[in-house]
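# A look at the structure
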Amino acid sequence: MGKPVSGAGSTAGTRESVGEFDYVIVGAGSAGCVLANRLSEDPAVRVLVLEAGGSDRSVFVAMPSALSIPMNTRRFNWGLRTEPEPGLDGRVMNLPRGKGLGGSSSINGMCYVRGNPMDFELWSALGAEGWHWANVLPYYKRMEGVDAASDMRGGNGPLRVTRGRMQNPLYQAFVDAAGQAGYALSANMNDLQHEGFGPMEMTVGNGRRCSAAVAYLRPALKRGNVTLITHALTERVILDGRKATAVAFSSHGRSYVAHVAREALICAGSIMSPVILKRSGIGPAAELASHGIPVTADRQQVGENLMDHLEVYVQQESKLPVTLYSSMNAVSKLMLGARWMLTKSGLGASNHFESGGHIRSRAGIVYPDIQFHFLPLAISYDGSALADGHGYQVHVGTKRSKSRGWVRLGNADPASTPRVRFNYMSHPDDWMEMRASIRLAREILEQPALSPYRGRELAPGSQCQSDAALDQFIREKVESAYHPCGTCRMGSDADAVVDPECRVNGLQNLRVIDSSIMPQATAGDLNAPTIMLAERASDLIRGRVLAGIPDARLLADPEWATRQRSGQITRDYAGQRDLLREQLLQESKTRREQTS
């Protein structure tokens, strides 16, 4: 077994050393768990993992259908909130972040979405050299444990990936409706064809949530060369000049230091990773000086470039009693839970996002910028608001918003809450794209495949048709999909926070490895790309990488420039990556120019 420690004794007023480790990993979230596992494969390597939260062991974390419970529990969620968002009439938005082993992979919706292959072509084009699709696909395959391995999918990886049984007729009816609306269908949106509609996958294995802690950390702890300290609040990275030499942290009111033999690896997520850098003297000089923090490296982009995915719920009344509403009463929940406890099967073994899709909001965009999650129930994502009666809904929103926000220090106290503002809906194009999301969703829900079930529209409601009415609905009802990223941007330019090997620019023995380094949010849920990112980074740290797959396909609608949808996604850009790069850069350049 490994050596979990909940805080060793120390003399008050001193900072006691917990020893020297080859790698000190800050954060046992999705990326940190991967690194702990991969780096400890060498038995001579000593790894320390510092986690500010505690254990993830709970029936509510393990049961997929109970996902809203840990998301609303302070034991597992830090309970952050944004600053008032000007673009949403000053609304303060929830910002759930995982607290404990597995991080947000222990409280998320478990949707497994690789993203579109062109997401990674865009990463590379934006300066994250080496992170194009041909190079990242082998890492997706290495991490995956799917039931049917193939040239595109991995079957022996630690992360169990399955799909729901789609027993509820509404799942397939939604997919059929999308086909009737003229969109492509995809047998597996994590395989060759991301664009279109079909079954969704989830990080669930044997009926249980497969978090990063389950898949990576627990096996690593059994090796004996990984030390885990929980309830360990990282205060800062200690630098000798520009070289990381130790990590200072506190636990149960006492102060400690962990010495670094090789590297300190910051994996605290898109909110806390930039905060830790800033407390270590790495960040915008003026901000650090305002909090009395000595400046080691003036890095203006630390904490900037914050991105997220927003979504709204388009809800429809169901005329037939086939939805999950029948299972929302106390007796049904008790029976559902009892079956899951005994057999790890039934409704308790699914996240219930079993079908969905990815489309383009308009002609002239190469690959999808809108995502759909279908749910045979009318309810809010966090479970706080349930419609009164049978209904179903689609979560729909844009994936490449032009708005950018920031993360800033509340004060220099390591225990203080950072200030976070996403600047949601601050760009005019965001409004156009979100309106399109709603209207395109409505069009799908009005197709014949759903006619037997379709009742009145619950939200936004039939009265909500004009641009002004939709905009007001968006201001009042839009919610985060909880996918923050980008605050320690990876790139090859001088302003990038980390280089393409995840090393903090201008410093030694210090890397940031988590969703904060993504140069652009991917077209889908972020947990799978974050785990892939950490998988590849673990090899970069060790000076090796898996061989790429040069002919990995990059599929698009052959006539994407002139039409918004197609039943055939057949043009392959694998042999025309330079042409594709130019187009992706042009789209991105337009976004950057319009944002600035």
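Residues numbered from 1 in each chain as written. Predicted model: local features only at pLDDT ≥ 70, side-chain atom pairs only at ≥ 80, totals over all residues. Heavy atoms only, no water.

It is worth spelling out the overall build of the protein chain at this point. Looking only at helices and strands, the protein chain features 14 helices and 30 strands. For 596 residues, the compact-globule estimate of 2.2 N^0.38 gives 25 Å, and the protein chain sits close to it at 23 Å. Counting only C-alpha atoms, the protein chain reaches 70 × 55 × 50 Å along its principal axes. A buried classification covers 62% of the 596 residues belonging to the protein chain. (Helix = DSSP H or I, 4+ residues; strand = E, 2+ residues; numbered from the N terminus. Rg over C-alpha atoms; globule rule 2.2 N^0.38 Å. Buried < 20%, exposed > 50% of the residue type's maximum accessible area, 1.4 Å probe, protein only.)

On inspection of all chains with the given rule, the structure shows 14 aromatic pairs. Plain terms: the ring middles of tyrosine 183 and phenylalanine 197 are 5.6 Å apart, the flat faces sit at 55° to each other, and that makes the pair tilted. Here the residue tyrosine 183 occupies a position in the loop between helix 6 (169-180) and strand 10 (196-199), and phenylalanine 197 occupies one in strand 10, the gap between them amounting to 14 residues. Here tyrosine 183 falls in the buried class, since its relative accessible area comes to 5%. Between phenylalanine 249 and tyrosine 256, the aromatic rings sit 5.4 Å apart at their centres with planes inclined by 20°, giving stacked as the arrangement. For the pair phenylalanine 249 and tyrosine 256, a shared accessibility class is recorded, and that class is buried. Ring pairs connect the aromatic residues Tyr171, Phe174, Tyr183, Phe197, Phe372, Phe374 and Tyr392, which therefore count as one cluster. Positioned above the aromatic ring of tryptophan 406 is the side chain of arginine 408, whose terminal nitrogen or guanidinium carbon lies 4.1 Å from the ring centre. If you follow arginine 536 out to its NZ or CZ, it ends over the ring of tryptophan 131, 4.6 Å from the centre. (Phe/Tyr/Trp six-rings, centres within 6.5 Å; stacked < 30°, edge-to-face > 60°. Lys NZ or Arg CZ within 6 Å of the ring centre and 35° of its normal.)

This next bit is on the nonpolar core. Residues Trp131 and Ile513 are the most contacted members of the largest nonpolar core, which totals 98 residues. The dominant element in this core, judged by the number of residues it contributes, is helix 13 (residues 527-541), at 8 residues. Core analysis: the second largest hydrophobic core is formed by 53 residues, Met434, Ala449, Tyr453 and Ile474 among them. (Core = buried A, V, L, I, M, F, W, Y, C linked by side-chain atoms within 4.5 Å.)

Spatial strand order, 6-11-9: 3 strands in an open sheet with antiparallel pairing. This sheet does not close on itself; its edge strands, each paired only once, are strand 6 (111-112) and strand 9 (162-163). Bridge count for strand 6 against strand 11 (residues 201-202) is 2 bridges, and the pairing is antiparallel. Looking at the pairing, cysteine 111 lines up with methionine 202 of strand 11. (Pairing = 2+ DSSP bridges.)

In this section: the pairing of strand 22 (residues 370-375). Among the 6 residues in strand 22, 6 count as buried, and that is most of the element. With 5 bridges connecting them, strand 21 (residues 355-359) and strand 22 associate as antiparallel partners. Bridge pairing links glycine 357 to phenylalanine 372 in strand 22. Bridge analysis of strand 22 against strand 23 (residues 391-398) gives 6 bridges, and the strand direction is antiparallel. Each bridged residue has a counterpart across the sheet, and for phenylalanine 372 the counterpart in strand 23 is valine 396.

Attention now moves to empty space enclosed by the protein. The full count for this structure, using the stated rule, is 5 cavities of 30 Å³ or more. In this structure, the largest cavity encloses a volume near 140 Å³. What lines the largest cavity is a set of 18 residues, among which Asp308, His309, Ser401, Ser403 and Tyr424 lie closest to the centre. Residues of the lining of the largest cavity, tallied by class, amount to 8 nonpolar, 5 polar and 5 charged. (1 Å grid on protein atoms, 1.4 Å probe; cavity = no way out; pocket = protein on both sides within 12 Å on 5 of 7 lines; lining within 4 Å. Points joined across faces, edges and corners; volume = space filled by probe spheres on them. Nonpolar A, V, L, I, M, F, W, Y, C, P; charged D, E, K, R; others polar.)

Mapped onto the elements, aspartate 539 comes out in helix 13. Residues contacting aspartate 539, with those up to four places away along its chain left out, are Tyr139, Arg142, Arg544, Val545 and Leu546. Within the structure, aspartate 539 has its side chain in polar contact with the side chain of arginine 142 (distance 3.1 Å). (Contact = heavy atoms within 4.5 Å. Polar contact = N/O pair within 3.5 Å; in protein donor to acceptor, adjacent residues only side chain to side chain.)

Below, the discussion takes up the layout of surface pockets. The gaps of empty space that remain are located by a probe, the size of a water molecule, rolled over the atoms. What the second largest pocket holds in volume is close to 670 Å³. Residue lining of the second largest pocket: 29 residues in total, with Ser65, Ala66, Ser68, Met328 and Lys333 positioned closest to the centre. Secondary structure elements with two or more residues in the lining of the second largest pocket: helix 2 (59-62), helix 3 (68-71) and helix 10 (330-343). Top element by residues in the lining of the second largest pocket is helix 10. It accounts for 3 residues. When the residues that make up the lining of the second largest pocket are grouped by side-chain class, the tally is 17 nonpolar, 10 polar and 2 charged.

So, about the environment of leucine 122. For leucine 122, the position within the fold is in helix 4 (residues 117-125). On the accessibility criterion, leucine 122 (4% relative accessible area) is buried. Through-space distance from the C-alpha of leucine 122 to that of leucine 585 is 7.2 Å; in sequence the pair is 463 residues apart. In this structure leucine 122 touches Tyr367, Gln520, Leu584 and Ser588, once residues within four positions along its chain are discounted.

Moving on to the pattern of salt bridges. Within this structure, the stated rule accounts for 38 salt bridges. For arginine 563, the salt bridge goes to glutamate 559, with nearest N and O atoms at 3.9 Å. On the basis of relative accessible area, arginine 563 is assigned to the partly exposed category, the value being 27%. Look at glutamate 559 and you get partly exposed, because its relative accessible area is 43%. Because the salt bridges share partners, they merge into one network encompassing Arg38, Glu41, Arg142, Glu535, Asp539, Arg542 and Arg544. (Salt bridge = Lys/Arg side-chain N within 4 Å of Asp/Glu carboxyl O.)

Helix length check: helix 6 (12 residues) gives 16 Å between terminal C-alpha atoms against 16 Å at 1.5 Å per residue, within 8%. Turning to helix 6, its buried residues number three or more, namely Leu170, Tyr171, Ala173, Phe174, Val175, Ala177 and Ala178. Those residues of helix 6 hidden inside the fold are in contact with strand 10, strand 21, strand 22, strand 23 and helix 11 (428-445). Structurally, the start of helix 6 carries an N-cap: the backbone nitrogen of leucine 170 is 2.9 Å from a side-chain oxygen of asparagine 168. Looking one or two residues beyond helix 6, the residue adopting positive phi is glycine 182, at roughly 100°. (Expected span 1.5 Å × (residues − 1).)

We now examine the confidence of the model for the protein chain. Across the protein chain, the average pLDDT comes to 95, with 96% of residues at 70 or higher. Every residue in residues 4-13 scores below 50 in pLDDT, and together they form 21 contacts with partners more than four places removed in sequence or on other chains. (pLDDT = per-residue confidence, 0-100.)

The next point concerns the side chain of aspartate 499. By the secondary structure assignment, aspartate 499 is in the loop between strand 27 (479-480) and strand 28 (510-512). Among the polar contacts made by the side chain of aspartate 499, one reaches the main-chain amide nitrogen of glutamate 501 at a distance of 2.8 Å. Setting aside anything within four residues of it in sequence, one finds aspartate 499 in contact with Met490, Gly491 and Asn505.

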